[in-house]
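Summary of structural features
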Amino acid sequence: MMNSEQLGFRALADPTRRNILELLATEDMTIAEVAENFEMTRAAVKKHLTILNEGGLISVQVDGRTRRNTLNADGLRRLFDWFSYFDAFWDSRLDKLKSEIEKDIQ
């Protein structure tokens, strides 16, 4: 079973899903509204939205028969925080490498 970070990264792995996230960053949309922006069936768009929802990157608000898909900033923040840890890790490593190289040059 995948944890929430793995599901989030799985969701981000697909360029279509990343494009859907960009759309949802501008406004909440129904499946039909999202599908208007892609050359694929509504069923295919629904599968992408399901994966984004499972990854915690979007949420779905149900209002009667209407299901509006909304960007979930907290889900994106969780992944950003994970990346930030490794960004800081590599910054530290590269700074140490730079210092060692500069020692050898002098």
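This text gives an overview of the structure that appears in the document.

1. What about the pattern of salt bridges?
- Enumeration over the complete set of coordinates arrives at 3 salt bridges.
- Glu54 is the partner of Arg10 in a salt bridge, and the nearest nitrogen-oxygen pair spans 3.6 Å. You can see Arg10 sitting in helix H1 (residues 4-12) and its partner Glu54 sitting in helix H4 (residues 42-54), a full 44 residues away along the chain.
- Salt-bridge contacts for Glu33 lead to Arg68; the nearest nitrogen and oxygen are separated by 3.2 Å. Separated by 35 residues along the polypeptide, Glu33 in helix H3 (residues 31-35) and Arg68 in strand E2 (residues 66-71) bring together distant segments of the chain.

2. What about a nonpolar patch on the surface?
- A surface patch of nonpolar side chains, amounting to about 630 Å² of accessible area, comprises Phe86, Trp90, Leu94, Leu97, Ile101 and Ile105.
- Checked against the element boundaries, Phe86 lands in helix H5 (residues 73-105).
- Residue Phe86 is classed as partly exposed on the basis of its relative accessible area, which comes to 33%.

3. Focus on H4
- Look at H4: 18 Å from first C-alpha to last across 13 residues, which is about the 18 Å you get at 1.5 Å a residue.
- Every buried residue of H4 is listed here: Val45, His48, Leu49, Ile51 and Leu52. Along the long axis of H4, the arc covered by the buried residues comes to 160°, so they all point the same way. Summarising the geometry of H4, the exposed residues directed more than 90 degrees from the buried face are Ala43 and Lys47.
- Positive phi shows up at Gly56, right after H4, with a value of about 75°.

4. As for the packing of helix H2 (residues 15-26) against H4
- In the contact formed by H2 and H4, the axes pass within 10 Å of each other and the chain directions differ by 80°. By the angle between their directions, the pair H2 and H4 is classed as roughly perpendicular. Residue-level contacts link Thr16, Arg17, Ile20, Leu21 and Leu24 of H2 to His48, Leu49, Ile51 and Leu52 of H4.
- Residue composition of the contact of H2 with H4, by class: 6 nonpolar, 2 polar and 1 charged.

5. So, the nonpolar core
- Among the nonpolar cores identified, the biggest contains 17 residues, and Ile20, Leu24, Val34, Leu49 and Leu52 are the most heavily contacted of them.
- Contributions of two or more residues to this core are made by H2, H3 and H4.
- Dropping the residues within four chain positions of it, Leu52 is found in contact with Ala11, Arg17, Ile20, Leu21, Leu57 and Ile58.

Conventions adopted
Once a new chain begins, its residue numbering starts again from 1 and follows that chain's sequence as written. A pLDDT threshold of at least 70 governs which residues receive local features in this predicted model, and a stricter bar of 80 or more applies before side-chain atom pairs are shown or counted, although totals over entire chains, interfaces and linings include all residues. Heavy atoms from the whole structure form the basis of all side-chain values; hydrogens and water molecules are not counted. The working definition used for a salt bridge is a side-chain nitrogen of Lys or Arg within 4 Å of a carboxyl oxygen of Asp or Glu. Numbering goes from the N terminus for both helices and strands, where a helix is a DSSP run of H or I of at least four residues and a strand is a run of E of at least two. Any residue with relative accessible area above 30% and no salt bridge may belong to a patch, with like charges joined within 9 Å and the nonpolar Val, Leu, Ile, Met, Phe, Trp and Tyr side chains within 5 Å. The accessible surface values rely on the Shrake-Rupley method and a 1.4 Å probe; as for residues, cover is taken only from the protein chains in view. Classification of residues uses two cut-offs on accessible area relative to the type maximum, computed with a 1.4 Å probe and protein chains only: under 20% is buried, over 50% is exposed, and between them is partly exposed. Expected helix span is taken as 1.5 Å per residue step, with the number of steps being one fewer than the number of residues. By definition, the arc is the one covered by directions from the helix axis to the C-beta atoms. Structural elements are reduced to axes, namely lines fitted to C-alpha atoms, with helices fitted over the stretch in contact, and the angle between N-to-C directions of any two is expressed from 0 to 180 degrees. Note that the term roughly parallel is reserved for angles under 35 degrees, roughly antiparallel for angles over 145, roughly perpendicular for angles of 65 to 115, and oblique for everything else. Any pair of residues with heavy atoms lying within 4.5 Å of one another is described as a contacting pair. Side-chain classes follow a simple rule in which Ala, Val, Leu, Ile, Met, Phe, Trp, Tyr, Cys and Pro form the nonpolar group, Asp, Glu, Lys and Arg form the charged group, and the remainder, Gly included, forms the polar group. Throughout, nonpolar core names a set of buried Ala, Val, Leu, Ile, Met, Phe, Trp, Tyr and Cys residues whose side chains join them through atoms within 4.5 Å.

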